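If you want the building blocks of each chain, they are given just below.
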Amino acid sequence: MSRALAAEAPREEGAGGSRRSGWGLLATAGVGGTLLALYAVATPFVAPALRKVCLPFVPATSAQIQNVLKMLEHRSGSLVDIGSGDGRIVIAAAKKGFQAVGYELNPWLVWYSRYRAWRDGVHQNTKFYISDLWKVSFSHYRNVVVFGVPQMMPQLEKKLEEELECNARIVACRFPFPCWIPDHTTGEGIDTVWAYDLKHSRGCEIKSLEITPETES
């Protein structure tokens, strides 16, 4: 082989290696970018499950929504959905005439809820806030809807007991409160809904003083 050919062979191999190296970098960057995008989208949805008391997003079924609305019949005024998810309970309540508010820690779900309310024409009767439910006072709401998990129900029961007025009604979905006795129940399985009228729940906990007549000795 001549010296010229021998000199060109390494050059060709070097060019091929550079092309392969370039494609490798592009592939690595593409995979890395995809993983980063998935992380950015998924983190707000997964993060609630990583907290001490988690409230993961599980969309309400059509049966659950209808059962909630049934428990709110003949009710009016302000309504709050604690852990409002994608806003379907708030929107359904607004369509029934409630001034409905949703509190949700996941900003993506809050933005989507606002879009859905605008799309369904009830954005003037709905509000959605990005907030931790433990840092919000629910004292001015007459109707409260809760999609909770067992770990949070005892603490939430105490919080609502302290903050709500006597005329409030609390509607719990999927899991009941541990101490309160429901005034109404409807649905089956995961679609079960419990309604609590706070005036009755408080009445059960108020201990009346019994006056025992003195006996003659």
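Remember, it's a predicted structure, so these values are computed and weren't measured experimentally. (Residues numbered from 1 in each chain as written. Predicted model: local features only at pLDDT ≥ 70, side-chain atom pairs only at ≥ 80, totals over all residues. Heavy atoms only, no water.)

Bringing the nonpolar core into the picture now. The biggest cluster of nonpolar side chains holds 25 residues, and the ones touching the most others in it are V68, L79, V145 and V171. For this core, the elements supplying multiple residues, two or more each, are α2 (62-71), α3 (88-95), α4 (107-119), β4 (143-147), β5 (169-173) and β7 (193-197). It is α3 that provides the largest number of residues to this core, a total of six residues. Dropping the residues within four chain positions of it, V68 is found in contact with I89, V145, V171, C173 and V193. Listed in part, the 24 residues of the second largest apolar core include V101, Y141, I170 and W194. (Core = buried A, V, L, I, M, F, W, Y, C linked by side-chain atoms within 4.5 Å. Buried < 20%, exposed > 50% of the residue type's maximum accessible area, 1.4 Å probe, protein only. Helix = DSSP H or I, 4+ residues; strand = E, 2+ residues; numbered from the N terminus. Contact = heavy atoms within 4.5 Å.)

Before going further, it helps to spend a moment on the packing of α2 against α3. The description of two packed helices rests on the angle between their axes and on the distance between the axes. Two numbers describe how α2 lies on α3: the axes approach to 10 Å, and their chain directions differ by 45°. Considering the angle they form, α2 stands oblique to α3. Crossing handedness for the pair α2 and α3: right-handed. Here α2 contributes I65, V68 and L69 to the contact with α3, which in turn contributes R88, I89, A92 and A93. Looking at side-chain class alone, the contact of α2 with α3 contains six nonpolar, no polar and one charged residues. (Axes fitted to C-alpha atoms, helices over the stretch in contact; angles between N-to-C directions. Parallel < 35°, antiparallel > 145°, perpendicular 65-115°, else oblique. Left-handed = near helix turned anticlockwise from the far one by under 90°. Nonpolar A, V, L, I, M, F, W, Y, C, P; charged D, E, K, R; others polar.)

Before going further, it helps to spend a moment on the packing of aromatic side chains. In this description, an aromatic ring pair is defined by two values, namely the gap between the centres and the angle between the planes. Per the counting criterion, the structure on display carries nine aromatic pairs. Here a set of aromatic residues connected by ring pairs shows up, and it is made of Y103, Y129, F138 and Y141. (Phe/Tyr/Trp six-rings, centres within 6.5 Å; stacked < 30°, edge-to-face > 60°.)

Below, the discussion takes up the pairing of strand β1 (residues 78-82). Across the five residues that make up β1, a large majority, five, are buried. Here β1 runs beside strand β2 (residues 99-104); their pairing, made up of five bridges, is parallel. Looking at β2, one finds that V80 is bridged to V101. Remark: the β1/α3/β2 crossover connection has right-handed handedness. Two strands pair when backbone bridges link them, and β1 and β4 are joined in this way by four bridges, in the parallel orientation. The partner of D81 across the bridge, within β4, is V145. (Pairing = 2+ DSSP bridges. Right-handed = clockwise from strand over helix to strand, strands pointing away.)

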